[in-house]
Amino acid sequence: MKDIRTLSLEDLKEYFTQIGDKPFRAKQVYDWLWSKNLHSFEEMTNLSKNLRENLSKDFVINPIAVDTLQKSSDGTIKNGVKLHDGLLVESVLIPTETRTTACVSSQVGCSLNCEFCATAKLKRMRNLEVAEIIDQVALIDKQSRLYFGRPLSNIVFMGMGEPMMNYKNVVESIRKITSPEGLGMSPRRITVSTSGIPKMMKMLADENLKVKLALSLHSAIEHKRNDIMPFSSKFPLTEIMDALQYWYRQTSSPITFEYCVWGGINDTDEDIKALIKYCRQVPSKVNLIQYNPIGEGKYDHRNIEAEERYVHELEKAGITIVVRRSRGGDIDAACGQLANTHSRKEATGVAGT
């Protein structure tokens, strides 16, 4: 049976016309589904009982469900989310003193092969549907209100999967999240993080979504980045920069470069100089992320002295650099750790691998 949330407003109007009801019912149902994030026809109280029964015969609503919930000592909450077909993804609530951020997933697994990322150890099983993305946001908003007494303030597409590889559903989910008929959140508080697919970044720039863009960079030296993120050999740094400059021309929104420093990999003065040169080609800032080990060898070695050199040299060059402290590491909810330990086993187990 079809999930009613796969229908557009126009589709719903056509449905109600076909069953001999008034088209304005479509707007009522649409409001229940997207603005109120309701998962039960029975609770749509401005519809007649007969109409609610007809809807339940013709459609289903397939919400996500919290399979596991873990709380970190720093307040971070990781949700193991079960989808209607039994597959699992993870999403994270990240609190600070002034805001609450939802880190949401866009795919079950990932089709890329970044060496440092736990999710990359899973095969990509499928893209998430629009409703499954929005359900994560609504879930974390409820948790933010429950545990921290304030609504969700920010969203980052930095969970499991590459957002650009689920482009259509990610864009549509953003439209619904920011629409007054949806969750009504500000697009300026949404960041889409990508590993760097130039064609898709240019497409996103043309969508006029008014969101922010972050690029997972980790090295501005071609061969080193290809070692860290092997898929990137298909997308040279020059092509990525061309797409980033296009993004800025279209949106006037600066880029955020996400960057981890690993001992023996990208911790030399040459690496720092290359990053400064790359940053100067487009308005940007650098988020220096404290990496969280996933137990996979060479990427488990953090070089704190090199991190401090990065900060000093980038600041001296006039480039904004923000050090992002690790959060949720004790529950494998930090950057690079999603789908780690028991969650990785569960997710692959569902697929029968």
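All residue numbers here refer to positions counted from 1 along the written sequence of the relevant chain. Only residues with pLDDT of at least 70 get local features here, since the model is predicted, and only at 80 or more are side-chain atom pairs given and counted; chain-wide, interface and lining totals rely on the full set of residues. Calculation of side-chain values draws on the structure's entire complement of heavy atoms; hydrogens and water are dropped beforehand.

## Digging into the UniProt feature "binding site: S-adenosyl-L-methionine" (unreviewed entry) in the protein chain
So, point 1. UniProt positions are given in the numbering used here, feature names are shortened, and annotations may be inferred rather than shown by experiment. UniProt records the feature "binding site: S-adenosyl-L-methionine" (unreviewed entry) for Gly 161, Glu 162, Ser 193, Ser 216, Leu 217, His 218 and Asn 292 in the present numbering.
So, point 2. Tracing the backbone through its elements, the reader meets Ser 216 in strand E9 (residues 212–216).
So, point 3. Following the sequence through the fold, His 218 ends up in the loop between E9 and helix H7 (222–228).
So, point 4. Categorising residues by exposure relies on relative accessible area from a 1.4 Å probe, with only protein chains included: less than 20% of the type maximum marks a residue as buried, more than 50% marks it as exposed, and the intermediate range marks it as partly exposed. Relative accessible area serves as the criterion here: at 2%, His 218 is assigned to the buried category.
So, point 5. Whether two residues are in contact is decided by their heavy atoms, any of which lying within 4.5 Å being enough. Those residues in contact with His 218 that sit more than four places away from it in its chain are Phe 116, Ile 228, Met 229, Glu 258, Tyr 259, Cys 260, Trp 262 and Asn 266.
So, point 6. Pairs of N or O atoms are called polar contacts if they sit within 3.5 Å, as long as, within protein, a hydrogen donor faces a hydrogen acceptor (for residues adjacent in sequence, only side-chain-to-side-chain pairs). A polar atom in the side chain of His 218 sits 2.7 Å from the side chain of Ser 216. Counting from the N terminus, the helices are DSSP H or I runs at least four residues long and the strands are E runs at least two residues long.

## Notes on the confidence of the model for the protein chain
So, point 1. A residue's pLDDT is the predictor's confidence in that residue, given on a scale from 0 to 100. Averaged over every residue, the pLDDT of the protein chain is 90; the share at 70 or more is 90%.
So, point 2. Counting interchain partners and residues more than four positions distant, the pLDDT-below-50 stretch residues 333–338 has 32 contacts.

## Digging into helix H6 (residues 198–205)
Three- or four-residue spacings in an α-helix give side chains the same orientation, since the helix completes a turn every 3.6 residues.
So, point 1. Among all positions of H6, only Pro 198, Met 200, Met 201, Leu 204 and Ala 205 are buried. Along the long axis of H6, the arc covered by the buried residues comes to 165°, so they all point the same way. Summarising the geometry, the arc corresponds to the directions from the helix axis toward the C-beta atoms.

## Comments concerning the packing of helix H1 (residues 9–18) against helix H2 (residues 24–35)
So, point 1. Their axes nearest at 8 Å, the elements H1 and H2 cross at an angle of 130°. With respect to each other, H1 and H2 are oriented oblique. In this structure, H1 meets H2 at a crossing whose hand is right-handed. Seen from H1, the contacting residues are Leu 9, Leu 12, Lys 13 and Phe 16; seen from H2, they are Arg 25, Ala 26, Lys 27, Val 29 and Tyr 30.
So, point 2. Following the grouping adopted for this structure description, the nonpolar residues are Ala, Val, Leu, Ile, Met, Phe, Trp, Tyr, Cys and Pro, the charged ones are Asp, Glu, Lys and Arg, and the polar ones are all others, Gly among them. Taken together, the residues that form the contact of H1 with H2 break down as six nonpolar, no polar and three charged. Between N-to-C directions, angles cover 0 to 180 degrees, with each direction set by a line fitted to C-alpha atoms, over the stretch in contact for helices. Any angle that falls under 35 degrees is termed roughly parallel, while one over 145 is termed roughly antiparallel, one within 65 to 115 roughly perpendicular, and all others oblique. Left-handed describes a crossing in which the near helix is turned anticlockwise from the far one by less than a right angle; the clockwise case is right-handed.

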